[in-house]
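The residues making up each chain are set out below.
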Amino acid sequence: IPDRRNSKVDDVVVTLKNAGCTVEAHDPYWNNQARLTDGSLQWAAIILLVPHREYRAMTAQDFARLGQPGCVFFDLKSLHDPADFRKAGMTYLAL
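Here's what I pulled together on the structure shown here. In this text, all values refer to a predicted model and were calculated from it rather than measured experimentally.

Looking at the secondary structure, you find His52 in the loop between β1 (43–48) and α2 (53–56). Assessed through its relative accessible area of 11%, His52 is described here as buried. Within the structure, His52 has its side chain in polar contact with the side chain of Asp27 (distance 3.2 Å).

Below you can see the structure in the form of structure tokens.
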């Protein structure tokens with residue numbers, strides 16, 4: 001994605017960092033060399049802000065592997081089925 005000026009993702013990242021959170025952002029079109037995780041970290045929360053096909057194709061179990069037990073998954077676009085995340089042991093939140 002050559003132009004991210006209209007994206008609010010950077011604003012969310014800055015707001016979370018200013019609140020004292022440790023934040024790592026991933027976008028397969030912006031930093032496509034980055035992996036979601038190297039296996040050494042498990043996140044307390046995962047915030048899905050953009051509906052990229054790579055994220056739509058991921059299952060609740062895929063996301064659960066990235067998070068700590070009981071990880072909060074916030075799905076801004078309500079792309080996923082909340083029941084799948086509950087079955088995976090995650091807390092699902094969406095607008």
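Turning our eyes to something else, we now look at unusual backbone geometry. If you check the backbone angles, Ser78 has positive phi at about 55° while not being a glycine. As for its placement among the helices and strands, Ser78 is situated in the loop between β2 (67–75) and α4 (82–87).

Before going further, it helps to spend a moment on the environment of Pro69. Considering the arrangement of structural elements, one finds Pro69 in strand β2. Classification of Pro69 as exposed rests on a relative accessible area of 80%. C-alpha separation for the pair Pro69 and Trp43, spaced 26 residues apart in sequence, amounts to 9.1 Å.

Right, let's get into the packing of aromatic side chains. The full count for this structure, using the stated rule, is five aromatic pairs. Here Phe73 and Tyr92 contribute two aromatic rings whose centre-to-centre distance is 6.0 Å and whose plane-to-plane angle is 25°, an arrangement assigned as stacked. One end of the pair, Phe73, is in strand β2; the other, Tyr92, is in strand β3 (residues 91–94), with 19 residues separating them in the sequence. On the basis of relative accessible area, Tyr92 is assigned to the buried category, the value being 12%. Look at Phe85 and Tyr92: their rings are 5.3 Å apart centre to centre, the planes differ by 45°, and that puts the pair in the tilted class. Put simply, the rings of Phe63, Phe73, Phe85 and Tyr92 touch in pairs and so form one group of aromatic residues.

We now examine the pattern of salt bridges. By the definition in use, this model includes one salt bridge. For the salt bridge of Asp62 with Arg65, the shortest nitrogen-to-oxygen distance reads 2.5 Å. Remark: Arg65 and Asp62 occur in helix α3 (residues 60–66); sequence separation between them is three residues, near one turn of the helix. Taking the relative accessible area as the measure of exposure, Asp62 reaches 25% and is therefore partly exposed.

The rules behind each value
- Residues numbered from 1 in each chain as written.
- Predicted model: local features only at pLDDT ≥ 70, side-chain atom pairs only at ≥ 80, totals over all residues.
- Heavy atoms only, no water.
- Helix = DSSP H or I, 4+ residues; strand = E, 2+ residues; numbered from the N terminus.
- Buried < 20%, exposed > 50% of the residue type's maximum accessible area, 1.4 Å probe, protein only.
- Polar contact = N/O pair within 3.5 Å; in protein donor to acceptor, adjacent residues only side chain to side chain.
- Phe/Tyr/Trp six-rings, centres within 6.5 Å; stacked < 30°, edge-to-face > 60°.
- Salt bridge = Lys/Arg side-chain N within 4 Å of Asp/Glu carboxyl O.

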